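Take a look at the letters that make up each chain.
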Amino acid sequence: MTLWKNSWKNLWIAIVILSLLIAGCSPLAPQSESSGEATGDDLGSEMTPVTLGVGFIPNVQFGTFYVGIEKGFYAEEGIDLALDYGFENDYLALVAADEFQFMIGSGDQVVIGRARGLPVQYVMNWYTQYPVVVFAKIEAGITEPTDLAGKTIGLPGPFGANYVAFRGILEAADLSESDVTMESIGFTQAAAISEDTVDAAVDYGVNGPVVLAQEGIETVQIKLDKYLSIPANGLVTNETTIAENPELVQKMVRAALKSAQYTLDNPDEAFEIALKYVPEAADNVEANRAVFDAVLDFWTPQGDYKMGETRLAEWESAAEFMQRIGLVDTLVPADELFTVDFIE
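Described in the following lines is the structure provided in the data block. Predicted model, so just to flag it, every value in this text is computed and none were measured.

**Considering the overall build of the chain**
Then, in step 1: Across its full length, the chain holds 14 helices and ten strands.
Then, in step 2: The proportion of buried residues among the 344 residues of the chain is 53%.
Then, in step 3: The long-range fraction of contacts in the chain, counting pairs at least 24 apart against all pairs at least 6 apart in sequence, stands at 81%.
Then, in step 4: For the chain, the exposed surface amounts to about 14,200 Å²; the carbon and sulfur share of it is 50%.

Written as structure tokens, this is what we have:
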């Protein structure tokens, strides 16, 4: 399994270097979503175009941003927001180079970026729980991390949030990769569990487990948050934007938080808005509504946290963990990874 780890580290470095070279001449082309209820003309102010790098394809899981565009929350801040769909590694390099000013990224990826010298910083939490789980059929008897010993676990590969969560859950049971059999199954986790080709799989909690629930297959999920706290997906920018245009960062954060709160307060309306921006979801409304309902919990503040907030202890935990499992070579100072200055 050491080969997996070293190969991934080398691949990540190559991707970042290549992306930085590409970023200087040809940034990704944004797929723009038009603003809804409020426009620059309505507000009588000059609009600032902003491209936000999000996930790979349009999905109801980006519902808070569709709501913010449709309801005019970004336009109220003078922001003409466009969403660009692609890969987190690409966006990390583009934001670091100031080709894009904002992206959605997970805390572990910010740690990796800072360890490679990329001047990125996390400014607002969006997903309040780490979204990846290890899941299995109920009859598999896998309910705790210790139950994974000797089992075959399916995951896309030794990279990204799936791998980070998997390593964290193994560590909670004092297990290593050699204590399980890892199968690289791409993004076929639901099918692999359904067909019993693996004992358990690693996937986003609102994906594989929800798909199987729609098929009448009940699963048990092991969540990373019970054992290790790592800041999940949130708004990431760069040091240049924070230093030279803090007002823009504040406006982006304010609009994003307002959009998230409106979504939580008005889930039915928010889902209908999401269908406008992801029209293909209308082909299977029931399944997409199940995904949307599941993700609402991940946007809900936990405990005594304010919406958008992360804390130093989480970042210290994340930085130490990423070094411990070998995804970074140095311990990144936790206070360099994030700021809460823009959380009102």
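**Brief notes about the side chain of Glu-177**
Then, in step 1: Its location among the elements puts Glu-177 in the loop between α7 (160–172) and β7 (181–184).
Then, in step 2: For Glu-177, a relative accessible area of 7% gives the class buried.
Then, in step 3: For Glu-177, the side chain forms a polar contact with the side chain of Arg-167, separated by 3.1 Å.

**Here's the deal with the pattern of salt bridges**
Then, in step 1: Following the criterion strictly, the structure yields 14 salt bridges and no others.
Then, in step 2: Between Arg-167 and Glu-177 there is a salt bridge, with the nearest N and O atoms lying 3.1 Å from each other. On the criterion of sequence distance, the pair formed by Arg-167 in helix α7 and Glu-177 in the loop between α7 and β7 is long-range, its members being ten residues apart. For the pair Arg-167 and Glu-177, a shared accessibility class is recorded, and that class is buried.
Then, in step 3: Of the charged contacts in the structure, one is a salt bridge between Asp-293 and Arg-289, with a shortest N-O distance of 2.8 Å. With Asp-293 and Arg-289 both in helix α13 (residues 285–296), this residue pair falls four residues apart, about one helical turn.
Then, in step 4: Judged by relative accessible area, which is 37%, Asp-293 ranks as partly exposed.

Conventions we followed
- Residues numbered from 1 in each chain as written.
- Predicted model: local features only at pLDDT ≥ 70, side-chain atom pairs only at ≥ 80, totals over all residues.
- Heavy atoms only, no water.
- Helix = DSSP H or I, 4+ residues; strand = E, 2+ residues; numbered from the N terminus.
- Buried < 20%, exposed > 50% of the residue type's maximum accessible area, 1.4 Å probe, protein only.
- Contact = heavy atoms within 4.5 Å.
- Areas by Shrake-Rupley, 256 points an atom, 1.4 Å probe, with all protein chains shown as cover.
- Polar contact = N/O pair within 3.5 Å; in protein donor to acceptor, adjacent residues only side chain to side chain.
- Salt bridge = Lys/Arg side-chain N within 4 Å of Asp/Glu carboxyl O.

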